[in-house]
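A closer look at the structure
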Amino acid sequence: MITENNLTSSEQLSYHKDGYVVRKNIFSKTEVIEINVALERAVSKALLLSKTGDVYHLDGKRFVDLDYLTVQFEPGRDSETIRVIEPAHQLDKDLKELIADPRLVGPIQDIIGMKSISLWTDKLNLKRPKEGSGFGWHQDSPYWVHNSENVDLLPNVYLSLDDATLENGCFKVIRGSHKKGCLPGTDDGTQLGGFYTDPKAFDETSEVSLEISAGSLVFFNPHIIHGSEPNLTNTQRRAYIITYQPGGLPTLKSGEVKNIKIR
Ligand SMILES: O=C(O)CCC(=O)C(=O)O
């Protein structure tokens with residue numbers, strides 16, 4: 001049965017040609033408020049948990065690992081502002097429920113081409129007013145290629161939880177850059193430099209800035225080059241990014257299999 005959650009054939013074509021497809025205003029304003037309440041509960045919990053984890057620094061950013069949770073802080077050795085939490089669904093029951101929402105899962109089933117799907121990973125991506133840092137051009141696949149035998153089958157959905165603009169550091173992609181698989185990283189001597197895509201490997205003029213309203217979705221290919229600028233405004237720019245895979249496979253961090261219950 002085809003429902004409104006399935007991708008139309010023109011959306012499927014765009015996803016394959018451009019490496020991403022946007023669906024605008026899929027979650028209502030009220031739902032977005034509720035999700036942000038859940039997100040902030042998860043952030044408070046992660047902050048508390050981070051007091052007891054293993055601390056390390058990479059390129060001047062503080063990371064804390066606790067079991068299979070990683071909390072990344074804004075640059076600066078002692079910043080207490082969280083930039084990324086991965087994975088996040090286990091921190092709050094509403095986030096856990098959200099990852100099985102048919103509006104996220106339906107298009108992902110079409111992209112993967114299977115009814116049975118499972119969770120690969122999920123990230124809360126926070127850019128707080130005036131301090132949210134940017135993220136240089138990169139692909140997700142080089143982070144995952146050593147842990148997954150299905151790196152081509154790890155589609156993401158980005159749920160925008162605030163109106164995203166150029167000024168607050170909206171998500172940006174290089175249109176069509178997913179077609180060449182894993183590209184070489186930079187060799188700039190930094191610890192994480194190898195994860196940023198070598199600028200010689202792509203054409204920056206194909207950049208598309210996705211200025212989308214809260215409640216909108218971007219489905220994007222694990223090989224697409226993407227990134228974002230810092231948040232220079234007085235408003236939040238929060239997002240939840242969830243990555244799926246075919247059913248029955250272990251998640252990235254905990255190794256537990258988290259099959260999605262199809263509603
Ligand atoms: O900061 C952003 O919006 C980009 C997020 C991102 O690139 C990622 O999580 O892989």
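So, a few notes on the structure that sits alongside this text. Just so you know, these numbers come straight off a predicted model, no measurement behind them.

The rules behind the values
Residues numbered from 1 in each chain as written. Predicted model: local features only at pLDDT ≥ 70, side-chain atom pairs only at ≥ 80, totals over all residues. Heavy atoms only, no water. Buried < 20%, exposed > 50% of the residue type's maximum accessible area, 1.4 Å probe, protein only. Helix = DSSP H or I, 4+ residues; strand = E, 2+ residues; numbered from the N terminus. Arc of directions from axis to C-beta. Contact = heavy atoms within 4.5 Å. Salt bridge = Lys/Arg side-chain N within 4 Å of Asp/Glu carboxyl O.

1. Brief notes about helix α1 (residues 9–18)
- Where α1 is concerned, the buried positions are E11, Y15 and D18. The arc that holds every buried residue of α1, seen down its axis, measures 95°, which confines them to one face. Exposed side chains of α1 directed beyond 90 degrees from the buried face belong to S9, L13 and K17.
- Of the surrounding secondary structure, the elements contacted by the buried residues of α1 are β1 (20–23), α4 (102–112) and β11 (217–220).
- Once α1 ends, the next one or two residues include G19, with phi positive near 90°.

2. Some remarks on the pattern of salt bridges
- For the coordinates displayed, the defined rule picks out 17 salt bridges.
- For R62, the salt bridge identified is with E80, shortest N-O distance 3.2 Å. In this pair, R62 sits in strand β3 (residues 61–66) while E80 sits in the loop between β4 (69–75) and β5 (82–86), placing the two residues 18 residues apart along the sequence.
- Residue classification places R62 among the buried residues on the basis of a relative accessible area of 11%.
- Its salt-bridge partner being D198, residue K200 comes within 3.6 Å of it at the nearest N-O pair.
- D198 gets classed as buried once you look at its relative accessible area, which sits at 15%.
- Taken together, the shared-partner salt bridges in this structure form one network comprising E40, R128, D162 and R238.

So far we have only geometry, and geometry alone does not tell us how the molecule works.
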